[in-house]
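Descriptive analysis of the structure
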Amino acid sequence: MGGVRGWDKILGAGPGASRALIRPGQTGRHTLRATMEGSFTGGDEYQKHFLPRDYLATFYSFDSGPVPEAEMLKFNLECLHKTFGPGGLQGDTLIDIGSGPTIYQVLAACESFKDITLSDFTDRNREELEKWLKKEPGAYDWTPAVRFACELEGNSDRWWEKEEKLRAVVKRVLKCDANLGNPLAPVVLPPADCVLTLLAMECACCSLDAYRAALRNLASLLKPGGHLVTVVTLRLKSYMVGKRQFSCVPLEKEEVEQAVLDAGFDIEQLLHSPRSYTVSLAANTGLCFIVARKRRGP
């Protein structure tokens, strides 16, 4: 495979760069603010109504699902390969916040980190993860995504080894809530080398202020100098899983950048892509992919 499509749009940012994108209290003038906290899909609704198999069938049917969804998955895998592949991020510990029922997001990282924590808010999603990790009957088949990840690494014929490597490196599956000061409470883990969160924060946070606070919560899980890797869907107000609609906080690229900077990070890489999902119930969405380093001092 070639390099990540659109990767030439990544902007390098040295320490302290772009810290004044938005003044405190200022918001992007085009930001959609229709979603109010009172009508936002809360944790109880996710626990009751978010069905992992409906979600997987919609967004992760690699070979048979909607073409835009498959392309988004490939795009994310390419970005993650670029981030965690040879010469990329590495370390001992990585925490994935808001894993959902998916494992694709750590296929590249399992080659670079020795201890990976998966986490999600809902019981069903954590059960789905455990089912795959333990090779239980009825576990979701991630083979097409694993094959693609291996193809990026030049080892497409050894995909089963990748699955076993990932199962060995994932040490625990925990409950998480990004809105808590310790998102993994009551569990307390040592500060990690990397925190990963893909397509989750915009669904867990009911407002821009809540999103900014949640990023500070994620920063607390990291060592000084550790990295945050995050993908956010922009301008997304809601999405469908089966027949259920779930809320998101609509975010602008500039707001995401500023929130990351204000949470104590320096942005090292940023990619803005116009890609969008067909089932997002929103027009003009896109992706923001960010790699940022936690500052070592004030």
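Residues numbered from 1 in each chain as written. Predicted model: local features only at pLDDT ≥ 70, side-chain atom pairs only at ≥ 80, totals over all residues. Heavy atoms only, no water.

1. Notes on the sheet that holds strand 8 (residues 265-273)
Just so we agree on the cut-off: One bridge is not enough; two strands pair if DSSP finds at least two bridges between them. Per the convention used, a helix needs a DSSP run of H or I reaching at least four residues, while a strand needs a run of E reaching at least two, with both numbered from the N terminus. Note on geometry: axes are C-alpha line fits, over the in-contact stretch for helices, and angles between N-to-C directions span 0 to 180 degrees.
Read from one edge of the open sheet, 7 strands run 3-2-1-4-5-9-8, paired in mixed fashion. With one partner strand each, in any of the chains shown, strand 3 (170-175) and strand 8 form the two edges of the open sheet. Taking each pair of neighbouring strands and ignoring which way they run, the sheet shows an average axis angle of 15 degrees. Sheet topology places strand 2 (residues 113-120) next to strand 3; 5 bridges connect them, and they run parallel. Counterpart to Asp120 in the pairing with strand 3 is Lys175.

2. Section: helix 4 (residues 123-133)
Operational definition: Buried residues are those whose accessible area, probed at 1.4 Å on protein chains only, stays under 20% of the maximum for their type, while exposed residues exceed 50% and partly exposed ones sit between those limits. As used here, the arc belongs to the directions running from the helix axis to the C-beta atoms. For this analysis, residues touch if any pair of their heavy atoms sits within 4.5 Å.
Residues of helix 4 that are buried: Asn125, Arg126, Glu128, Leu129, Trp132 and Leu133. The buried residues of helix 4 all sit within an arc of 155 degrees when viewed along its axis, so they share a single face. At its buried positions, helix 4 is contacted by helix 2 (52-59), strand 2, helix 6 (159-169) and strand 3. Where helix 4 terminates, the next one or two residues include Lys135, which has phi positive at roughly 55 degrees.

3. Some remarks on the packing of helix 3 (residues 67-84) against helix 5 (residues 143-153)
Keep this limit in mind: Put simply, angles under 35 degrees are roughly parallel, angles over 145 are roughly antiparallel, angles from 65 to 115 are roughly perpendicular, and the rest are oblique. When the near helix sits turned anticlockwise from the far one by under a right angle, the crossing is termed left-handed; a clockwise turn instead gives a right-handed crossing. Throughout, the ten residues Ala, Val, Leu, Ile, Met, Phe, Trp, Tyr, Cys and Pro are labelled nonpolar, Asp, Glu, Lys and Arg are labelled charged, and all others, Gly among them, are labelled polar.
Their axes nearest at 10 Å, the elements helix 3 and helix 5 cross at an angle of 40 degrees. One finds that helix 3 runs oblique with respect to helix 5. For helix 3 against helix 5, the interelement crossing comes out right-handed. Every residue of helix 5 that contacts helix 3 at Lys74, Leu77, Glu78 and His81 is listed here: Ala145, Phe148, Leu152 and Glu153. For the contact of helix 3 with helix 5, the per-class residue count stands at 4 nonpolar, 1 polar and 3 charged.

4. Here we look at the environment of Asp193
The test is simple: Under the rule applied, a polar contact is a pair of N or O atoms within 3.5 Å (in protein, one hydrogen donor and one hydrogen acceptor; residues adjacent in sequence only if both atoms are side-chain atoms).
The residue Asp193 is located in strand 4 (residues 192-198) in this model. Considering only alpha carbons, one finds Asp193 and Gly91, 102 residues apart in sequence, at a separation of 5.8 Å. Apart from the residues lying within four places of it in its own chain, the contact partners of Asp193 are Gly91, Asp92, Thr93, Phe113, Leu222, Lys223, Gly226 and His227. A distance of 2.8 Å separates the side chain of Asp193 from the backbone nitrogen of Asp92, its partner in a polar contact.

5. Side note on the pattern of salt bridges
Filter applied, for reference: The salt bridge definition used is simple: a Lys or Arg side-chain nitrogen within 4 Å of an Asp or Glu carboxyl oxygen.
In total, this model carries 19 salt bridges according to the counting rule given. Close ionic contact of Lys114 with Asp92 constitutes a salt bridge, the shortest N to O distance being 3.5 Å. Of the two residues, Lys114 sits in strand 2 while Asp92 sits in strand 1 (residues 91-96), which places them 22 residues apart along the sequence. Two residues, Asp262 and Arg212, come together in a salt bridge whose shortest N-O distance is 2.9 Å. Of this pair, Asp262 sits in helix 9 (residues 253-262) while Arg212 sits in helix 8 (residues 208-219), and the two are 50 residues apart along the sequence. Looking at Asp262, the relative accessible area reads 35%, which means it is partly exposed.

6. As for the side chain of Lys162
The residue Lys162 is located in helix 6 in this model. A polar contact is formed between the side chain of Lys162 and the backbone oxygen of Leu107, at a distance of 2.7 Å. In contact with Lys162, not counting residues within four places along its chain, are Leu107, Ala108, Cys110, Glu111, Val146, Cys150 and Glu153.

7. Remarks on the packing of aromatic side chains
Operational definition: Here a Phe, Tyr or Trp ring, Trp counted by its six-membered ring, pairs with any other such ring whose centre lies within 6.5 Å, and the pair is stacked when the planes are under 30 degrees apart, edge-to-face when over 60, and tilted otherwise.
A full pass over the atoms with the stated rule returns 14 aromatic pairs. Consider the rings of Phe50 and Tyr55, whose centres lie 5.2 Å apart with planes at 45 degrees: the pair is tilted. By relative accessible area, which is 4% here, Phe50 ends up buried. Plain terms: the ring middles of Tyr140 and Trp142 are 5.0 Å apart, the flat faces sit at 70 degrees to each other, and that makes the pair edge-to-face. With respect to burial, Tyr140 and Trp142 carry one shared label: buried.

8. Quick look at the layout of surface pockets
Heads up, the rule is: Here a cavity denotes grid points, spaced 1 Å and computed from the protein atoms alone, that fit a 1.4 Å probe unable to get out, and a pocket denotes an open set having protein on both sides within 12 Å along at least 5 of 7 lines; residues with an atom within 4 Å of a point are the lining. Grid points are joined across faces, edges and corners, and a volume is the space filled by probe spheres set on the points.
Its volume calculated, the largest pocket comes out at about 720 Å³. Residue lining of the largest pocket: 42 residues in total, with Tyr46, Ala200, Cys203, Ala204 and Tyr239 positioned closest to the centre. Counting residues per element, the ones that place at least two in the lining of the largest pocket are helix 1 (43-49), helix 2, strand 4 and helix 7 (201-204). Per-element tally for the lining of the largest pocket: the top contributor is helix 7, with 4 residues.

9. Side note on the side chain of Glu128
Note on placement: Glu128 falls in helix 4. Side-chain polar atoms of Glu128 contact the side chain of Arg53, separated by 2.9 Å. If we skip the residues at most four places from it in the chain, Glu128 touches Pro52, Arg53, Leu56, Pro101 and Tyr140.

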